[in-house]
2 protein chains.
Amino acid sequence: MNEQSKAWIDAETKIADAPEDHHDQLRLWLRLFTVARLMENEVRSRLQDQFDVTFPRFDILSQLYRVPEGLILGELSQRLMVSPGNITAVIKRLMDDGLIVRIQNPNDRRENIVRMTPLGTARFTEMAAAHEGWIRSLCEGLSPADVKSLMALLLKMKTSARRSLAKSR
Amino acid sequence: MNEQSKAWIDAETKIADAPEDHHDQLRLWLRLFTVARLMENEVRSRLQDQFDVTFPRFDILSQLYRVPEGLILGELSQRLMVSPGNITAVIKRLMDDGLIVRIQNPNDRRENIVRMTPLGTARFTEMAAAHEGWIRSLCEGLSPADVKSLMALLLKMKTSARRSLAKSR
DNA sequence: GACTTTTAGTTTAGGTATGAATTATATCGC
DNA sequence: GCGATATAATTCATACCTAAACTAAAAGTC
C-alpha cells in the first residue's frame, strides 16, 4: 500500500455502498464530519506554521473582527459553540499577546466586553487573507453552482438540527 | 433577547448576505463547520450523559466495529485523522475499560493490532443504535433527495480538498 | 553482516475542551 | 428594602489533541 492510497482511508471511506437504505442520514453525517475535519486540520496546521496562532484563537479573532464594538464573553462562547469555561483561558492568552482588550461593563459589572486592538486587527487581516486563499484552493473542485447548492442544503441541515434540538429540550 | 433567539447566533449567522460575491467558498466553509460543530456537540453530550463515553472513544469503537479482525494503531490514526500521539492515550483508556484488546504483531513487532472485545462490541451496539436515532432526528428536516444531493456534493468537496492537499505537498 | 534509512508507537510540553462547583453581581417578588 | 433566584464569568478535574523528540524494530544497501 503506497502513500497515496493510504491517505484516502478515513472514517467514512469503508462503509458499504449499499444503494439507498435507511442508513443514509448516518452516512451523510459521517461524510460531513470527515470533510469538516479534513479541512479544519489543514487550516489549523497552516495557521500554526505560517502565523504561529491556534485555530481557537483565530476563531475568536474572526468573531471580534466582525463586531468592532466588541462582544461579551458569553456571546463569544455562544457564537463559537464552546463552553464558557473554555473561553476564559483562550481570551487570557490573546490578551497577553496584545491582540484583544477586555473591559468590564460599568453598567453591569458581571459582563466583560472584549474587542480587538489595532495590532489584533492588523494581524488578523493578514491571516484572514491567507485563510481565504487556502479555503478557495481546497474548494477549487467545486463549481459555483455546487457551492450555491451546498450553501442551501447545509442551511437546511442546520435549520433541521436546530429545530430538532429546540424540540428535545 | 430571549433564549430562543440567542441560541441562533453562531459563527456564520452574522455574515452579510451579499448575493454571489467572491467570498462564497469561505462562507460555505463557515457554514459546513457550523453544522458539523452543532451536531458533534450534541452527539458528544448525549454520549456522555447516556453512555458515559467520550466522542473520541466512540469514534475509535466505530472504526473497530467495522473491522472485526482489528486495525493497527497507525491505521486507526489515519482513519480518524488524528495524530498518532493522541491515539496512544485514548486506546489505553479503552483497554482499561475492557472494551478493546491490543496484541503485538509477532511478524512485525513494531505493529500493535487493536480489536474489540465481546464487551466492547456489546456496548458499542447499544451506543450505535442510539446514535443513529439522534442523527436521524437531527436530519429529519431533510428530504431523501436532499440527503442524496448532499452526499454527492460533500463527496465532491472531499475529493476537491484531497486533490488540493495532494498538490500542495 | 554492519550501516543507513524508514516505519510504528510513545513521550513530553503546551494548548484546547467539557461539566460541575463557585464567586460576584443583578434582578425579581413581595 | 431584602431574601430567593438568575446570570456572567472563573476555577477545577479530567480528557483530548498536536508537533516534535525519542525508542524500537524492520528493511534496504553495500
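Residues numbered from 1 in each chain as written. Chains lettered and ligands numbered in written order. Predicted model: local features only at pLDDT ≥ 70, side-chain atom pairs only at ≥ 80, totals over all residues. Heavy atoms only, no water.

Caption draft 1: Focus on the nonpolar core. If you look at the biggest cluster of nonpolar residues, it comprises 93 residues, and the most contacted ones within it are Leu32(A), Met39(A), Met157(A), Leu32(B), Met39(B), Leu76(B) and Met157(B). Inspection of this core shows a minimum of three residues originating in each of domain 1 (35-138) and domain 2 (141-169) of chain B. Contact partners of Met39(A), with chain neighbours within four places excluded, come to Ile135(A), Leu138(A), Cys139(A), Trp29(B), Leu32(B), Met157(B) and Ala161(B). (Core = buried A, V, L, I, M, F, W, Y, C linked by side-chain atoms within 4.5 Å. Buried < 20%, exposed > 50% of the residue type's maximum accessible area, 1.4 Å probe, protein only. Domains from an automatic or database assignment. Contact = heavy atoms within 4.5 Å.)

Caption draft 2: The sheet that holds strand S2 (residues 100-104) of chain A, seen in detail. All names here are of chain A. The three strands lie next to each other as S1-S3-S2, forming an open sheet whose pairing is antiparallel. The sheet is open, and its two borders are formed by strand S1 (71-72) and S2, each paired with just one other strand. Bridge count between S1 and strand S3 (residues 112-116): two bridges; the pairing is antiparallel. Note on S3: the bridge partner recorded for Ile-72 is Ile-113. Relative to S3, helix H3 (residues 55-66) is tilted by about 90°, and along the sheet it contacts S1, S2 and S3. (Pairing = 2+ DSSP bridges. Helix = DSSP H or I, 4+ residues; strand = E, 2+ residues; numbered from the N terminus. Axes fitted to C-alpha atoms, helices over the stretch in contact; angles between N-to-C directions.)

Caption draft 3: Examining unusual backbone geometry more closely. All names here are of chain A. Not every positive phi belongs to a glycine, and Asp-52 is a case in point at roughly 50°. Mapped onto the secondary structure, Asp-52 falls in the loop between helix H2 (24-51) and H3. Exposure remark for Asp-52: the relative accessible area of 62% places this residue in the exposed category. Although it is not a glycine, Met-81 sits at a positive phi angle of roughly 55°. Mapped onto the fold, Met-81 is located in the loop between helix H4 (73-80) and helix H5 (84-96).

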